[in-house]
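One-letter residues, chain by chain:
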Protein chains: 2
Amino acid sequence: METGDNIKEAVDVLQQLGLKEYEAQCFVGLSQVPSGTAKKLSEMTDVPRTRVYDAVRVLESEGLVEIQHSSPQRFRAVSMSEATETLRNQYDARVDRLQSALDSIQMDTDDDESSIQEVWSMAGSTAIENRTNTLLSQAQSEVVLVIADESLLTERLVAKLNGTDDGVDLLVGAVSESVRTHVQDVIPRATTFVSGLEWLHEGDADTDETAIGRLVLIDRSTILVSSIVPSTGEEHAVFGEGFGNGLVVIARRLMSQGQFTADN
Amino acid sequence: METGDNIKEAVDVLQQLGLKEYEAQCFVGLSQVPSGTAKKLSEMTDVPRTRVYDAVRVLESEGLVEIQHSSPQRFRAVSMSEATETLRNQYDARVDRLQSALDSIQMDTDDDESSIQEVWSMAGSTAIENRTNTLLSQAQSEVVLVIADESLLTERLVAKLNGTDDGVDLLVGAVSESVRTHVQDVIPRATTFVSGLEWLHEGDADTDETAIGRLVLIDRSTILVSSIVPSTGEEHAVFGEGFGNGLVVIARRLMSQGQFTADN
DNA sequence: ATTCAAGTTCACTCATTTAATCACAAAAAT
DNA sequence: ATTTTTGTGATTAAATGAGTGAACTTGAAT
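Residues numbered from 1 in each chain as written. Chains lettered and ligands numbered in written order. Predicted model: local features only at pLDDT ≥ 70, side-chain atom pairs only at ≥ 80, totals over all residues. Heavy atoms only, no water.

Any details on the sheet that holds strand β5 (residues 169-174) of chain A? Residues and values, ideally.
Reading across the sheet, the nine strands line up as β6(A)-β5(A)-β4(A)-β7(A)-β8(A)-β9(A)-β3(A)-β1(B)-β2(B) and stay open at both edges, with mixed pairing between neighbours. The sheet terminates laterally at β6 (191-194) of chain A together with β2 (74-77) of chain B, the two strands that pair on one side only. Strand after strand, the sheet turns through a mean of 20° between neighbouring axes, direction not considered. Pairing analysis gives six bridges linking strand β4 (residues 142-147) of chain A to β5 of chain A, with the strands arranged parallel. Opposite I147 of chain A, over in β5 of chain A, you have A174 of chain A as the bridge partner. Against the sheet, helix α6 (residues 125-138) of chain A contacts β3 (119-123), β4, β7 (211-218), β8 (222-228) and β9 (235-241) of chain A together with β1 (65-68) of chain B, and its axis sits at roughly 20° relative to β7 of chain A. Across the face of the sheet, helix α2 (residues 21-30) of chain B comes into contact with β1 and β2 of chain B while running at roughly 85° to β2 of chain B. (Pairing = 2+ DSSP bridges. Helix = DSSP H or I, 4+ residues; strand = E, 2+ residues; numbered from the N terminus. Axes fitted to C-alpha atoms, helices over the stretch in contact; angles between N-to-C directions. Contact = heavy atoms within 4.5 Å.)

I'd like to hear about the packing of α6 of chain A against helix α7 (residues 155-162) of chain A, residue by residue, with values.
All names here are of chain A. Contact geometry of α6 with α7 gives a least axis separation of 10 Å together with a crossing angle of 5°. Of the possible angle classes, the one that applies to α6 and α7 is roughly parallel. Only R156, L157, K160 and L161 of α7 make contact with α6, whose side of the interface consists of E129, N130, T132, N133, L136 and S137. Its residues assigned to classes, the contact of α6 with α7 shows three nonpolar, four polar and three charged. (Parallel < 35°, antiparallel > 145°, perpendicular 65-115°, else oblique. Nonpolar A, V, L, I, M, F, W, Y, C, P; charged D, E, K, R; others polar.)

Describe the interface of chain B and chain A, listing the residues and the values that go with them.
Counting from both sides, the interface comprises 73 residues of chain B and, opposite them, 72 residues of chain A. Regarding the contact of chain B and chain A, the summed buried area is about 6,800 Å², with carbon and sulfur atoms giving 54% of it. Joining chain B to chain A, the criterion identifies 14 salt bridges. Note that D92 of chain A and R88 of chain B form a salt bridge whose closest N and O atoms lie 3.0 Å from each other. Summed over the shared surface of chain B and chain A, the number is 35 residue pairs in polar contact (both at pLDDT 80 or more). If one sorts the elements of the side of chain B that touches chain A by residue count, helix α5 (residues 80-103) of chain B sits on top with 19 residues. (Buried area = accessible area lost by both parts, 1.4 Å probe. Salt bridge = Lys/Arg side-chain N within 4 Å of Asp/Glu carboxyl O. Polar contact = N/O pair within 3.5 Å; in protein donor to acceptor, adjacent residues only side chain to side chain.)

Okay, here's the thing in structure tokens:
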């Protein structure tokens, strides 16, 4: 059922946004009718009638629902645009509060006696994309980027690449010729090539091995390699810094062995 | 203690953003130090050492923390800007998903045999501000606005007011002369006045009565009145639509009795 | 006035989730 | 070799939320 799934999806997202199940269901229910009573709502959702009142009251206090104090009470959802706006404002406000709370806690500046030989792991596509961005901003002389999948070439990434300093060499590799030409189109100043690294696209369909997502090498001294785990589709990454870092050394070695072949 | 409170605040906000207590504490702990082990973390926060691992693993999967798989493992938080960016992206993505899920559910268009004599209540400053905005957009001929407190005159509200169609009369009332002149400054095209309604600012300090926050009357047929509950500081509002609506009638009556006196 | 039904609130149980503790194996350090 | 750290897993306890039913209002109908 089409709408049924969408309803479930909406309830789901609302719960992720912090609403309880009853609250989410009531809100979605109300968003389908101009207004409704507790009875009507409990019929169209599977919220027990006696609990509709609680749920709706919470929703009202959060600015998502209006209540008419008549008998029977009537409820109605605020407009979609008002609701999403309210939710977004709420979250933005929270992130802002977090930011200022953390800002006011100064960090212990024991130097991190580290960097060399450390390999860090992280996960999550957005986080990895953010890190990629941060790294690109730090580039002084060279950026080597290999992307396995066209979908990873987001607008934001393209913008960032095009915005890098002119003194920075931009080498962008793709796994296939078609992706390469596309990359060359959107990032004219880059030197593009088709990666000669076979292991980059092991794990396509047939094999169940994890495939490489992106590879970022900055100034030959910082590297990030991500992979997509086939079962969940999640993106994981490893990250190393420092010219002498083992991971970085390996990456340089691979390059100098001519595995990366520039085509133009 | 200054930072102690800020730490609590940060943990609190992170929980509101969906993290569990241990996760929130670990993240805040890590954000105070370049990198740390489970032991160190459990000492600086009050997360049991044996549970640091779980918490940090979740944080990693959410892109907020990096893990170095050595022995002992070392953890570090991503930079503040990356963290807030990741969180914000995550939330925006959710709100977007909600929007499209709800969009695809069309609403039952049984006419709402309503409007007249209905009074709805809602709560939450942002929601009320959003509704105010929506109402201002709908104005055809006249807007009467009375604000009790200068703080309610947000940038957004001012922009909205200045952006209303020229054919719409703009009457803005303030509770004091000083607020009035300020209003006149930022909204030149408005006709401003000092509200003669004493009950608007009953409940200042001494009395514990709830004070009126804002009063919005659109085209003499839609009204919204909000009040601030003194104990919690929350803003609540009542809202009525339709020329014949009781609340609207009362509002018109008050106006025509000369309670609102234009000064210029 | 009394009764009845619908509307509403409240209190309580059960299930799930999360916090907190413990026992133990593996790894490092002494 | 022995003793401390480090990491995993299981287990208990506390808190939260879902689900249910009794009881109390209210307004309409007898």
